[in-house]
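What the coordinates show
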There are 2 protein chains.
Amino acid sequence: MNLRQISKLFYQLKLANQEMTTKFEKETGFSITRYELMMFLKENGQCSQTILQNELKIDSAAVTRHLKILEEKNYVIRERNKNNNREVVVRITDNAAKELEHCEREFSHSNKTIISPLNEEEENTLLSLLTKLVK
Amino acid sequence: MNLRQISKLFYQLKLANQEMTTKFEKETGFSITRYELMMFLKENGQCSQTILQNELKIDSAAVTRHLKILEEKNYVIRERNKNNNREVVVRITDNAAKELEHCEREFSHSNKTIISPLNEEEENTLLSLLTKLVK
DNA sequence: CGTCAATAGTTGACTAATCAAATATAACTT
DNA sequence: AAGTTATATTTGATTAGTCAACTATTGACG
């Protein structure tokens, strides 16, 4: 592929990302990043911000800001680690866990073609190509 | 796919987009959006901002701001349309056209696996899946 | 045991997008 | 010809990310 074709591919990637991100937030009420963050806490229990940063592959500043918002909405609780006061230990609230479960149930009954027009096989192909791309 | 799987897919899309966008700018010196914008002008000649907005599928406010920056760098020229003073007619400068061509030549000699580890077939599959996704 | 380096998180400045409101011009309607 | 509506662009506020500079705490070592 020449540069022009690469730029079209990457631009399409940008458009797809924008659209899917918006759709996801409209559908669930959570931004994709905050959804991933909370699901990680729900599935793996409490952890430090550094672990979240590595897991989500975003800047530590972004983590701080997301957590500030989630804390204000009572979706997470943050406490300094007694054994290492530099560290903040983050955990999800029951309230948030319930809301996430509600979201998943809702979605399982909804028409899935609204959020993605791809079939499962295509979605899997897409995921593996995207994964290879960032590797 | 359940919501959790969808969120992982979309999050991977976000990560891929961030990484490719950054790589593209490092490689070429142009942001992907401004590159697309200038290439459109180069390939299609002058046009109004509304046309650019539809072509790039971004907000008109974003178009205005990109053009302001490109104008300051002497990459585009903007003039009000004499026959319809609401409209701004935008065209690319010779200088910009030359720089874009230089970029393309550079890229054609470079190691393409740096910017994308996918082979051509995978790139084409990816493009068609992304296109279907935003359709 | 005191300094110096490393780690963890926060804050500020910047970018690129969105939406909504404002402005300017043109076109339509009576 | 005046008033209203539609079109084109701009500006301001907000969001989510980056990087760089700062603060606080811990650990290491001479």
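Below is a summary of the structure that appears in this document. Predicted, not measured: the structure shown is a model, and the values here were computed from it. The residue numbering used here restarts from 1 in each chain and proceeds along that chain's sequence as written. Chains and ligands are labelled sequentially in the order written, the chains with letters from A and the ligands with numbers from 1. Given that the model is predicted, a residue must reach a pLDDT of at least 70 before its local features are reported, and side-chain atom pairs must reach 80 or more before they are shown or counted; all residues, however, enter totals for whole chains, interfaces and linings. Excluded from the side-chain calculations are hydrogens and water; all other atoms, namely the structure's heavy atoms, are used.

1. Let's talk about the sheet that holds strand S3 (residues 84–92) of chain A
All names here are of chain A. Selection rule: Note on pairing: two strands pair once DSSP finds at least 2 bridges between them. Secondary structure elements are taken from DSSP: a helix is a run of H or I of four residues or more, a strand is a run of E of two residues or more, and numbering for both begins at the N terminus. Residue contacts are counted whenever heavy atoms from the two residues lie within 4.5 Å of one another. A fitted line through C-alpha atoms serves as each axis, taken over the contacting stretch for helices, and the angle formed by two N-to-C directions is quoted from 0 to 180°.
Judged by pairing direction, the sheet is antiparallel, and its three strands sit side by side in the order S1-S3-S2 without closing on themselves. The open sheet has two free edges, formed respectively by strand S1 (47–48) and strand S2 (76–81), since each of these has just one partner strand. In this structure, S2 lies alongside S3, joined through six bridges in antiparallel fashion. Bridging across to S3, Val-76 finds its partner in Ile-92. Contacting S2 and S3, helix H4 (residues 60–72) runs over the sheet at an angle of about 120° to S2.

2. Overview of the packing of aromatic side chains
Quick reminder of the rule: Pairing of aromatic rings covers Phe, Tyr and Trp, the last through its six-membered ring, and needs centres within 6.5 Å; plane angles under 30 degrees mean stacked, over 60 mean edge-to-face, and all others mean tilted. Partly exposed describes any residue whose relative accessible area lies between the buried limit of under 20% and the exposed limit of over 50%, with all areas from a 1.4 Å probe on protein chains only and scaled to the type maximum.
The tally for this structure, following the rule as stated, stands at eight aromatic pairs over all chains. With a centroid separation of 6.4 Å and an interplanar angle of 75°, the aromatic rings of Phe-10 of chain A and Phe-24 of chain B are classed as edge-to-face. Here Phe-10 of chain A is found in helix H1 (residues 3–28), whereas its partner Phe-24 of chain B is found in helix H1 (residues 3–28) on a different chain. Among the residues examined, Phe-10 of chain A registers a relative accessible area of 3% and is labelled buried. Taking the relative accessible area as the measure of exposure, Phe-24 of chain B reaches 0% and is therefore buried.

Limitation: the analysis is restricted to geometry and does not speak to function.
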